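These are the residues of each chain, in order.
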Amino acid sequence: MSKKLTADATAAALAPASFEEAMAELAQLVAQMEAGQLPLEASVAAYARGSELVKFCAAQLEKVESQVKVLEGDMLKPFVAVGEGEQ
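Taking an unreviewed UniProt entry as the reference, the chain is identified by name as Exodeoxyribonuclease 7 small subunit belonging to Duganella aquatilis. Note on the chain: under the UniProt heading Subunit (unreviewed entry), the record states "Heterooligomer composed of large and small subunits." Its UniProt record gives the chain the following Subcellular location (unreviewed entry) comment, quoted word for word: "Cytoplasm".

So, in structure tokens, the structure goes:
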């Protein structure tokens, strides 16, 4: 049980400060993995960290999307490029 608490505390301490910070760290991890710079165990750890960063970014995007929907209310309409809807 203490390992679970320690893991949760570690994850909270390593949480990115912002969406941009998470994306930058994710890009760095991907570059290292693609370059083959990491040994197997480090690659697995990088993959796990990348997965957490993706979840963080997805949650941030969902949060912002919800905020935009609230701000725009019923005014959200599908985007129609100029010339597409006219005939």
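From this point, things continue past the structure.
Take helix α2 (residues 19–35) next. Counted at 1.5 Å a residue, the expected span for α2 with its 17 residues is 24 Å, and the 24 Å between its end C-alpha atoms agrees. Those residues of α2 lying buried are A22, L26 and L29. Along the axis of α2, the buried positions cluster into a sector of 65 degrees, meaning they face one direction only. Turned more than 90 degrees away from the buried face of α2, the exposed residues are E20 and E34. Taken together, the buried residues of α2 touch α3 (40–72). A positive phi of about 70 degrees marks G36, the residue just after α2.

Let us now look at α3. The end-to-end C-alpha separation of α3 is 47 Å, in line with the 48 Å expected for 33 residues at 1.5 Å each. For α3, the full list of buried residues reads S43, A46, G50, L53 and C57. Lining the buried residues of α3 we find α2.

It is possible for side chains bearing opposite charge to pair when their charged atoms get close. Summed over all chains, the structure comprises 3 salt bridges. The shortest N-O distance in the salt bridge between R49 and E25 comes to 2.8 Å. In this pair, R49 is assigned in helix α3 and E25 in helix α2, connecting sequence segments 24 residues apart. Taking the relative accessible area as the measure of exposure, E25 reaches 23% and is therefore partly exposed. Salt-bridge contacts for E65 lead to K69; the nearest nitrogen and oxygen are separated by 3.8 Å. Taken as a pair, E65 and K69 lie in helix α3 at a separation of 4 residues, close to a single helical turn. Residue E65 is classed as partly exposed on the basis of its relative accessible area of 44%.

Calculation criteria
- Residues numbered from 1 in each chain as written.
- Predicted model: local features only at pLDDT ≥ 70, side-chain atom pairs only at ≥ 80, totals over all residues.
- Heavy atoms only, no water.
- UniProt positions renumbered as here; feature names shortened; annotations may be inferred.
- Helix = DSSP H or I, 4+ residues; strand = E, 2+ residues; numbered from the N terminus.
- Expected span 1.5 Å × (residues − 1).
- Buried < 20%, exposed > 50% of the residue type's maximum accessible area, 1.4 Å probe, protein only.
- Arc of directions from axis to C-beta.
- Contact = heavy atoms within 4.5 Å.
- Salt bridge = Lys/Arg side-chain N within 4 Å of Asp/Glu carboxyl O.

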